[in-house]
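Tertiary structure, described
Letter by letter, the chains look like this.
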Amino acid sequence: MNARAIALSLLLACLPQATYASADAFTILILGDSISAAYGMPEESGWVELFKQRLQKQGDYRMINASISGETTGGGLRRLPKLLQDYQPNLVIVELGANDALRGQPTKLMQENLSSIVQLSKQQGSAVYMLGMLIPPNYGRKYLEQFHHVFKDVAKQEDIALMPFFLQDVATNDALMQADGLHPNAKAQPQLLKNLLSKLPASALLIAEGESH
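Here is a short report on the structure shown in this document. (Residues numbered from 1 in each chain as written. Predicted model: local features only at pLDDT ≥ 70, side-chain atom pairs only at ≥ 80, totals over all residues. Heavy atoms only, no water.)

Looking now at the sheet that holds strand 1 (residues 27–32). Ordered by their spatial adjacency, five strands build an open sheet running 2-1-3-4-5, and the pairing between neighbours is parallel. On the outer flanks of this sheet lie strand 2 (62–65) and strand 5 (161–163), each paired with one strand and no other. Within the sheet, the average angular offset between the axes of one strand and its neighbour, ignoring direction, is 20 degrees. Contacts from helix 3 (residues 73–87) reach strand 1, strand 2 and strand 3 (91–95) within the one sheet, and its direction differs from that of strand 1 by about 165 degrees. (Pairing = 2+ DSSP bridges. Helix = DSSP H or I, 4+ residues; strand = E, 2+ residues; numbered from the N terminus. Axes fitted to C-alpha atoms, helices over the stretch in contact; angles between N-to-C directions. Contact = heavy atoms within 4.5 Å.)

Turning to the side chain of S126, a few remarks are in order. Structurally, S126 is set in the loop between helix 5 (107–124) and strand 4 (127–131). On the basis of relative accessibility, which here comes to 2%, the residue S126 falls in the buried class. For S126, the side chain forms a polar contact with the main-chain oxygen of P89, separated by 2.6 Å. (Buried < 20%, exposed > 50% of the residue type's maximum accessible area, 1.4 Å probe, protein only. Polar contact = N/O pair within 3.5 Å; in protein donor to acceptor, adjacent residues only side chain to side chain.)

All right, on to the layout of surface pockets then. Of the voids in this model, the largest pocket is the one considered here, and its volume is about 470 Å³. Lining of the largest pocket is provided by 18 residues; of these, L134, P136, L167, G181 and L182 occupy positions nearest its centre. Of the residues assigned to the lining of the largest pocket, the class counts are 13 nonpolar, four polar and one charged. (1 Å grid on protein atoms, 1.4 Å probe; cavity = no way out; pocket = protein on both sides within 12 Å on 5 of 7 lines; lining within 4 Å. Points joined across faces, edges and corners; volume = space filled by probe spheres on them. Nonpolar A, V, L, I, M, F, W, Y, C, P; charged D, E, K, R; others polar.)

Here we take up the packing of helix 3 against helix 5. Relative orientation of the contacting elements helix 3 and helix 5 amounts to 10 degrees, with a least axis distance of 9 Å. When the axis of helix 3 is compared with that of helix 5, the two are roughly parallel. Contact residues: T73, G74, G76, L77, L80, P81 and L84 in helix 3; M110, N113, L114, S116, I117, L120, S121 and Q124 in helix 5. Taken together, the residues that form the contact of helix 3 with helix 5 break down as eight nonpolar, seven polar and no charged. (Parallel < 35°, antiparallel > 145°, perpendicular 65-115°, else oblique.)

All right, on to the pattern of salt bridges then. By the definition in use, this model includes three salt bridges. The closest approach of N and O atoms between D86 and K82, which form a salt bridge, is 2.6 Å. Residue D86 and its partner K82 are located together in helix 3, separated by four residues, close to a single helical turn. Since its relative accessible area comes to 41%, D86 is described here as partly exposed. (Salt bridge = Lys/Arg side-chain N within 4 Å of Asp/Glu carboxyl O.)

Okay, structure coming up:
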């Protein structure tokens, strides 16, 4: 059995077997905001499309990008049940929270929403991977700390993998950010994919990287 087959078997073994008709049916759902919706650039330049291209070199994967610019954790939660029903994903990647902060929403509500997103996904039989965010210091130290801890707390309580700061090595590099200072540009997308893969569970990482790892 090759490395890709072993990796996929390990990932599937952790989840209800009824979810999978075959290895060829592996479906990934991206539930995100503008960062994952390729805001300000052609869709094919975004990290989701780059991830899709990499995966398709390894086999038959289906990537569902349900990301919407301006989306909040509450909006993602409301849309999730139908997305789970329609696509029955094997893996849900959650990239939400920044717009909650922009709207000044309570971090407690954000945490409740993220926890519900994870729980609903697990109930459907999906593995969950969360991409965390940081916010600028002008929000105030207390809110900043509470916001950052939401992702850590949800990941710990729900026992899921977490990339603590998805924009690591991007947000502080002006050459990789759009003029608004909020959104990564097209040049940043390979780094975002690198960040995602850096904390993706080992079994799924082998799938993404191919048989040479």
